[in-house]
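Structural features, examined
The chain contents come next:
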Amino acid sequence: MPILEKETPKGRGDSKVLPKVPVPPLKQTLDLYLKCVQHLVKEEQFKRTKAIVEKFGAPGGAGEFLQKKLQERRDKTTNWVYDYWLEDMYLNNRLALPVNSSPVMVFPKQAFSDRKDAVRFAAHLITGVLEYKALIDARALPVDFARGQLAGTPLCMKQYYRLFTSYRLPGLKRDTLKVQMNAASLEPEHIIVACKNQFFVLDVVAKNKQLNEMEILSQLEKIVKMSENAEERLPPFGVLTSDGRTEWAQARDALTKDPTNRASLALIESCVCVLCLDEPSGLEPNDTNRALLMLHGGGREKNGANRWYDKPMQFVVGMDGVCGVVCEHSPFEGIVLVQCSEYLMKYITGSPSRLVRSSSITELPPPRRLLWKCNPHIQGLLAASADRLQRLVHNLDMDAYKFKVYGKEFIKKQKMSPDAYIQVALQLAFYRCTGRLVSTYESASIRRFEEGRVDNIRSATPEALAFVKSMTEGKAALTDSEKMKRLWDAINAQTNYTIAAITGMAIDNHLLGLREIAKELNMDKPEIFCDETYLASNQFILSTSQVPTTVEMFCCYGPVVPNGYGACYNPQADHILFCVSSFRESTETSSAVFAKALEEGLLEIRDLCNRSGAAASKLAGSGQGAGQPHKAGK
């Protein structure tokens, strides 16, 4: 198995035994699958798909047999879908991690007076990281409880335990997620510091004692000084980790032929985290540019090689105040990144820097530069990786856009779920731009279950299509009250799908499980999984995620298909921050055009709600009372 996880001592953070992820009834999943795709494909194609699905689900058919096997797997495992999902979503994916897979958290721009100030901030940040890691190691993090729909349920905490202990090892066909789970490891803990594309080992424990902030600062200052020595400068090996996974696996095989490289790789692969001290980028530090610099570092010309993308947590501190976190996504979801980032921002703003001069500071062994042995073959690989990163940099079209007219307070006043409302607005924007709806992905946490990760909310519902049509081509033909009814239908459909997904009753994980267990049993691939409708339904042209924060910062990521959009949003009381991404190489997409359509749609939906509200008050005033359509969730 590609997961190498050793068990941990039980403690406060995971004492509650959570239920296992259910296997939904087969008929329910097949019916919902047909409902999800019917309005997105041509009639002829749907007829073929319906016949294939009915054959699969027939009594005594392949579906029934595979369903029974999945239920047996559920009985034997902690979480029947975990390994299937991890491989399908991440480890089998051959695309480069930056932009395509790794989300980033963008911190507010820091106002550093000089380089020393930036390094001081970095020392403070790393001290906070070590404090947070100590809470995780002691299993002393308070348990998360669900918010939003079905609030109050305790959630699985296992993702936190992988924040600083995992590493995504590239493989020729499939990567491996390595997790070091024994709490007290034999090696003293260290972090890797990247500076001017050079890598350094900073031991954070000396003589069995963790370094204090002053000591960390002193070591970081030594690293900055060492990185300025041009004679000792080595090629930018970090750029290899920005390449496609198969390319990086091949390059890593070439590197490991030399013992010096093996030793350097072993130190990187076992570190707590990576700290990237970035050179000023020379770009205007607006939201969009800071998002781009976190996603790909600006390529080889800037800080794109000052990274090690396989490590789950890379803390970026730019000398120009551009800061954030780059996260390898396979060990954990966005919410864990948010919780960790918010803890750190609160630590930085709330706890004064503890820069106490200590007598022992001179005795610390100096940080060590990681050494690499290069040859002409490896030089060629470095150049090729840098070229491919450059193409990715030129290709990414990002628009970090703040919708300032209203935020979630207005939506809640309409008694609607802010998340469902924004999802419907995204469908309207997409329809405006393309005249159609497409398979949409919205991640839904299934952490209510043991080792739960996510399933998919398919937001392009038939109800959403009916609503967006009423706001576009059917605009003049329909009354406000009919449009309002369609809006409520769309919001309720979205809310109900969300509840199904978070309770383990969505279709994506279930269909994946049936497909993978057939493969495991060496069966011929069932026709349902070769059907063009199924293949298209897994090309998520619109990939969305709500990543709310309580501290000023935002999350973003790239599209998951070449002709798609990534849309990450952060709803606040009086505004909504959207990060819309797409690829310039696609003629079908433009982030600015999508953001503009989104703004128009959000304004139109607001006007519709306001007009309907006014009409309802008028009716109520005249004693007729307007019945409120059924209310959706929070």
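In short, a report on the structure. (Residues numbered from 1 in each chain as written. Predicted model: local features only at pLDDT ≥ 70, side-chain atom pairs only at ≥ 80, totals over all residues. Heavy atoms only, no water.)

A word on helix α11 (residues 376-395)
Here α11 spans 29 Å end to end across 20 residues, near enough to the 28 Å set by a 1.5 Å rise per residue. Residues of α11 that are buried sit in contact with α7 (245-255), α9 (287-296), β13 (396-403) and β19 (576-583). Capping of α11 at its N-terminal end is provided by N375; its side-chain oxygen lies 3.0 Å from the backbone amide nitrogen of H377. (Helix = DSSP H or I, 4+ residues; strand = E, 2+ residues; numbered from the N terminus. Expected span 1.5 Å × (residues − 1). Contact = heavy atoms within 4.5 Å. Polar contact = N/O pair within 3.5 Å; in protein donor to acceptor, adjacent residues only side chain to side chain.)

Let's talk about the nonpolar core
Across soluble globular proteins, nonpolar side chains show a tendency to be buried alongside one another. Ranked by internal contacts, the top residues of the largest apolar core, which has 154 residues, are L163, F164, L220, L275, M313 and F315. Here this core gets 11 residues from one element, more than from any other, and that element is helix α5 (residues 115-137). Among residues more than four places away in sequence, those in contact with M313 are L163, F164, C273, V274, V325, V326, F332, L337 and C340. Core analysis: the second largest hydrophobic core is formed by 45 residues, A429, Y431, L465 and I491 among them. (Core = buried A, V, L, I, M, F, W, Y, C linked by side-chain atoms within 4.5 Å. Buried < 20%, exposed > 50% of the residue type's maximum accessible area, 1.4 Å probe, protein only.)

Some remarks on the packing of aromatic side chains
Per the counting criterion, the structure on display carries 17 aromatic pairs. Consider the rings of Y406 and F410, whose centres lie 4.8 Å apart with planes at 55°: the pair is tilted. Y406 gets classed as buried once you look at its relative accessible area, which sits at 5%. Here Y406 and Y421 contribute two aromatic rings whose centre-to-centre distance is 6.3 Å and whose plane-to-plane angle is 85°, an arrangement assigned as edge-to-face. Of this pair, Y406 sits in the loop between β13 and α12 (408-413) while Y421 sits in helix α13 (residues 418-434), and the two are 15 residues apart along the sequence. Each member of the pair Y406 and Y421 is classed as buried. Through successive ring pairs, a cluster of aromatic residues spans F199, F237, W248, W308 and W372. (Phe/Tyr/Trp six-rings, centres within 6.5 Å; stacked < 30°, edge-to-face > 60°.)

Let's talk about the pairing of strand β3 (residues 166-169)
Burial along β3 is two-sided: S166 and R168 facing one way and Y167 and L169 facing the other are all buried. Both β3 and strand β4 (residues 176-179) contribute to a ladder of 4 bridges, which runs antiparallel. The partner of L169 across the bridge, within β4, is T176. Where β3 hands over to β4, the hairpin turn is made up of 6 residues, counted between the paired strands. (Pairing = 2+ DSSP bridges.)

A short note on the pattern of salt bridges
Opposite charge on two side chains permits pairing when their charged atoms draw close. The tally for this structure, following the rule as stated, stands at 46 salt bridges. A salt bridge links E520 to R73; the nearest nitrogen and oxygen atoms lie 3.9 Å apart. With a gap of 447 residues between them, E520 in helix α16 (residues 508-520) and R73 in helix α3 (residues 62-76) connect regions that are remote in the sequence. What makes R73 buried here is its relative accessible area of 14%. Between D175 and R245 there is a salt bridge, and its shortest N-O distance comes to 2.6 Å. (Salt bridge = Lys/Arg side-chain N within 4 Å of Asp/Glu carboxyl O.)

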